[in-house]
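Single-letter residue listing:
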Amino acid sequence: MKRTLITGAAGFLGSHLVKKFLNEGHYVIGMDNLITGSLKNIEEFQSNENFEFQNHDVSKFVEIDGALDYILHFASPASPIDYLKIPIQTLKVSSYGAHNLLGLAKEKSARIIVASTSEVYGDPLVHPQVEEYYGNVNPVGPRGVYDEAKRYMEAVTMAYNTYHGVETRIVRIFNTYGPKMRLNDGRVLPAFIGQALRGEDLTIFGDGSQTRSFCYVDDLVDGIHKLLMSDYSQPVNIGNPSEITISQFAEEIIKLTGTTQKVCYEDLPVNDPKQRKPDITKAQSILNWEPKVSREEGLKITYEYFKSLSVEELNKKEHNNFDKYILK
Ligand code: UDP
């Protein structure tokens with residue numbers, strides 16, 4: 001039986017990956033420090049004898065008993081408001097954390113995949129974004145702590161591949177959505193659906209002409225699994241190229257939820273990328289992967305999930321553990 005470590009296991013993507021790898025017949029060790037993740041996301045696996053959970057901050061030395069075949073490094077705050085609140089932890093998890101896990105991969109002769117991001121392209125001047133594009137990142141802007149940590153993570157991952165012969169994979173993840181996203185993580189999809197459910201206007205930042213391309217989580221997880229099992233060690237974009245403006249997206253959410261609320265406008269955050277769309281030629285040709293779930297279908301499933309949450313959860317401003325960590 002393959003033994004697989006998934007960091008960020010209690011988060012949105014991590015918890016979906018735990019499910020995928022359990023279904024593939026792996027023994028899964030889920031690791032998380034619960035700073036933005038929630039045990040609720042992995043409740044369903046707690047009784048599975050092929051799953052164990054370890055509460056640990058991967059920025060500190062990571063020790064695992066026994067053999068390991070695969071490591072998936074998916075621990076990191078991932079929402080712009082998260083980076084603003086916990087910038088140092090955001091830097092550490094993709095630098096010290098990635099370094100620790102690469103060391104562990106070397107020690108255990110395990111294959112490792114690290115979760116990089118479309119944010120390595122910054123506010124991109126090349127559209128759609130191809131993997132060869134170096135990006136347009138402001139290192140000292142509010143997003144710098146995330147973007148530069150992820151860029152460092154790619155560099156250290158490639159160095160372990162080249163100099164230590166570790167089998168590494170790098171996935172550049174574009175905007176992804178689905179059940180188990182945090183309702184109040186500040187990102188546009190949960191923000192709009194939460195506002196519709198609470199009977200508030202939908203807040204468009206800027207004039208709403210900026211674009212994003214949203215991928216349903218099941219498609220993403222499938223792409224990540226395929227990349228990990230491939231022999232390709234250069235970065236690969238995984239995302240859905242169906243591009244939409246934020247204004248159009250607000251209209252889709254209004255239609256989906258049937259809300260009678262309107263849109264309202266707020267200032268565009270500093271360094272907010274104006275356009276984002278993955279070029280997925282590499283994923284198509286190397287992995288034979290492309291997304292299958294339409295936005296209409298994916299949004300319906302996601303809306304059902306958010307509707308199933310309790311009223312308390314809907315009205316809670318935050319449900320994460322920032323305070324605990326900021327006080328440390
Ligand atoms: N956005 C918005 N209203 C919100 C939240 C976000 O208009 O309530 C915009 C945001 O400015 C950005 C886009 O939606 O242009 C996507 O933002 P998100 O935070 O989801 O992720 P990003 O792709 O910027 O990392």
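Along each chain, numbering runs from 1 in the same order as the chain's sequence is written. Given that the model is predicted, a residue must reach a pLDDT of at least 70 before its local features are reported, and side-chain atom pairs must reach 80 or more before they are shown or counted; all residues, however, enter totals for whole chains, interfaces and linings. Side-chain measures here rest on the full set of heavy atoms in the structure, leaving out hydrogens and waters.

1. Quick notes on the overall build of the protein chain
Just so we agree on the cut-off: Secondary structure elements follow DSSP: runs of H or I of four or more residues count as helices, runs of E of two or more count as strands, with numbering from the N terminus. This radius of gyration counts C-alpha atoms alone. The globule rule is 2.2 Å times how many residues there are, raised to the power 0.38. Between buried and exposed lies partly exposed: a residue is buried under 20% and exposed over 50% of the maximum accessible area for its type, with that area taken using a 1.4 Å probe on protein chains only. We call two residues in contact whenever any of their non-hydrogen atoms come within 4.5 Å of each other. The Shrake-Rupley method, run with a 1.4 Å probe sphere, supplies the accessible areas, and residue values consider only the shown protein chains as cover. Positive charges come from Lys and Arg, negative ones from Asp and Glu, while His and the chain ends are left out of the count. In plain terms, the charge of a residue is placed at NZ if it is Lys, CZ if Arg, CG if Asp and CD if Glu.
In terms of regular secondary structure, the protein chain is built from twelve helices and 13 strands. Taking 328 residues into account, the globule formula puts the C-alpha radius of gyration at 20 Å, and the protein chain, at 19 Å, falls close to it. If you line up the protein chain on its principal axes, its C-alpha atoms span 55 × 45 × 40 Å. Every one of the 328 residues in the protein chain was classed for burial, and the buried ones make up 56%. In the protein chain, once contacts between residues fewer than 6 apart in sequence are set aside, the share between residues at least 24 apart is 81%. Surface accessibility of the protein chain: about 14300 Å² in total, with carbon and sulfur atoms responsible for 50%. In the protein chain, 36 positive and 43 negative side-chain charges are present, and the distance between their average locations comes to 1 Å.

2. Considerations on helix 5 (residues 144-164)
For clarity, the cut-off: Here a helix's expected span is defined as the number of its residues, less one, multiplied by 1.5 Å.
Under the 1.5 Å per step criterion, the end-to-end length of helix 5 is 28 Å for 21 residues, consistent within 8% with the ideal 30 Å. Of the surrounding secondary structure, the elements contacted by the buried residues of helix 5 are strand 4 (70-73), helix 2 (80-85), helix 3 (87-94), helix 4 (96-108), strand 5 (111-117) and strand 6 (168-173). Looking one or two places after helix 5, you find Gly 165, whose phi comes out positive at around 70°.

3. What to know about the pattern of salt bridges
Condition: Every case where a carboxyl oxygen of Asp or Glu lies within 4 Å of a side-chain nitrogen of Lys or Arg is listed as a salt bridge.
Scanning all chains against the criterion turns up 19 salt bridges. Linking Lys 20 and Glu 24 is a salt bridge whose minimum nitrogen-to-oxygen distance equals 3.3 Å. Classification of Glu 24 by relative accessible area gives partly exposed; the value is 40%. Each member of the salt-bridge network shares a partner with another, and the members are Glu 119, Arg 143, Arg 212, Asp 272 and Arg 276.

4. Points about the packing of aromatic side chains
The line we're drawing: Aromatic pairing here means that ring centres of Phe, Tyr or Trp (its six-membered ring) are within 6.5 Å. Orientation follows from the plane angle: under 30 degrees is stacked, over 60 is edge-to-face, and everything else is tilted.
Following the criterion strictly, the structure yields eight aromatic pairs and no others. Relative to Tyr 133, the ring of Tyr 121 lies with its centre 6.0 Å away and its plane at 15°, an arrangement referred to as stacked. Remark: Tyr 133 occurs in the loop between strand 5 and helix 5 and Tyr 121 occurs in the loop between strand 5 and helix 5; sequence separation between them is twelve residues. Overall, Tyr 121 belongs to the buried group, its relative accessible area being 1%. Overall, Tyr 133 belongs to the buried group, its relative accessible area being 14%. An aromatic cluster is defined as three or more aromatic residues linked by ring pairs; in this entry it consists of Tyr 121, Tyr 133 and Phe 174.

5. Quick notes on helix 4
Our working definition: By construction, the arc corresponds to the directions joining the helix axis to the C-beta atoms.
In this model, helix 4 (13 residues) spans 18 Å end to end at C-alpha, consistent with the 18 Å of a helix rising 1.5 Å per residue. Three or more residues of helix 4 are buried, namely Gly 97, Ala 98, Leu 101, Leu 102, Leu 104 and Ala 105. One side of helix 4 holds all its buried residues, which, seen down the axis, span an arc of 160°. A positive backbone phi angle near 50° is found at Ser 109, which sits one or two residues after helix 4.

6. Considerations on the nonpolar core
Here is the rule: Take the buried Ala, Val, Leu, Ile, Met, Phe, Trp, Tyr and Cys residues and link them wherever side-chain atoms come within 4.5 Å; each set so joined is a nonpolar core.
Core analysis: the biggest nonpolar cluster contains 57 residues, and Leu 72, Phe 74 and Ile 224 have the highest contact counts within it. Every residue in contact with Phe 74, bar those within four places of it in the chain, is listed here: Thr 7, Gly 8, Leu 13, Leu 17, Ile 113, Ala 115, Val 171, Ile 173 and Ile 224. Val 58, Ala 105, Met 153 and Val 166 belong to the second-largest nonpolar core, a separate cluster that totals 24 residues.

7. Some points on unusual backbone geometry
Backbone torsion omega between His 127 and Pro 128 reads -10°, so that peptide bond is classified as cis. Note that Pro 128 resides in the loop between strand 5 and helix 5. Positive phi outside glycine occurs at Asn 288, with the angle close to 55°. Within the element layout of this structure, Asn 288 appears in the loop between helix 9 (281-287) and helix 10 (295-307). Accessibility expressed as a relative area gives 66% for Asn 288, which makes it exposed.

8. Notes on the site of the ligand
Keep this limit in mind: Here a residue is considered near a molecule or strand provided that any single heavy atom belonging to it is located within 4 Å of it. Definition of a polar contact: a pair of N or O atoms within 3.5 Å, with one able to donate and the other able to accept a hydrogen when the atoms are protein atoms, and with sequence-neighbouring residues admitted only if both atoms are side-chain atoms.
The local shell around the ligand holds 18 residues, among which Thr 203, Phe 205, Arg 212, Asp 272 and Arg 276 are the closest. In this structure, Val 188 approaches the ligand through a main-chain N or O atom, which is 2.8 Å from an oxygen atom. Thr 203 is positioned such that a nitrogen or oxygen atom in its backbone is 2.6 Å from a nitrogen atom of the ligand. When isolated, the ligand has an accessible area of 520 Å², and the protein chains bury 96% of it.

9. Quick look at the sheet that holds strand 6
Applicable threshold: Strand pairing requires that DSSP identify at least two bridges connecting the strands. Fitted lines through C-alpha atoms serve as axes, helices being fitted only where they are in contact, and the angles separating the N-to-C directions of these axes extend from 0 to 180 degrees.
If you trace the seven strands from one edge of the open sheet to the other, you get 3-2-1-4-5-6-11, paired in parallel fashion. Among the strands making up the open sheet, the edge pair consists of strand 3 (51-55) and strand 11 (236-238). Between one strand axis and the next, the sheet turns by 20° as a mean value, whatever way the strands run. Note: strand 6 against strand 11, three bridges, orientation parallel.

10. Re the packing of helix 3 against helix 4
Rules: Angle categories: roughly parallel below 35 degrees, roughly antiparallel above 145, roughly perpendicular from 65 to 115, and oblique for all the rest. Amino acid classes used here: Ala, Val, Leu, Ile, Met, Phe, Trp, Tyr, Cys and Pro are nonpolar; Asp, Glu, Lys and Arg are charged; the rest, including Gly, are polar.
Contact geometry for helix 3 and helix 4: axes closest at 2 Å, N-to-C directions at 20°. Here helix 3 is positioned roughly parallel relative to helix 4, judged by the angle of their axes. Only Tyr 96, Gly 97 and Ala 98 of helix 4 make contact with helix 3, whose side of the interface consists of Lys 92, Val 93 and Ser 94. In the contact of helix 3 with helix 4, the residues fall into three nonpolar, two polar and one charged.

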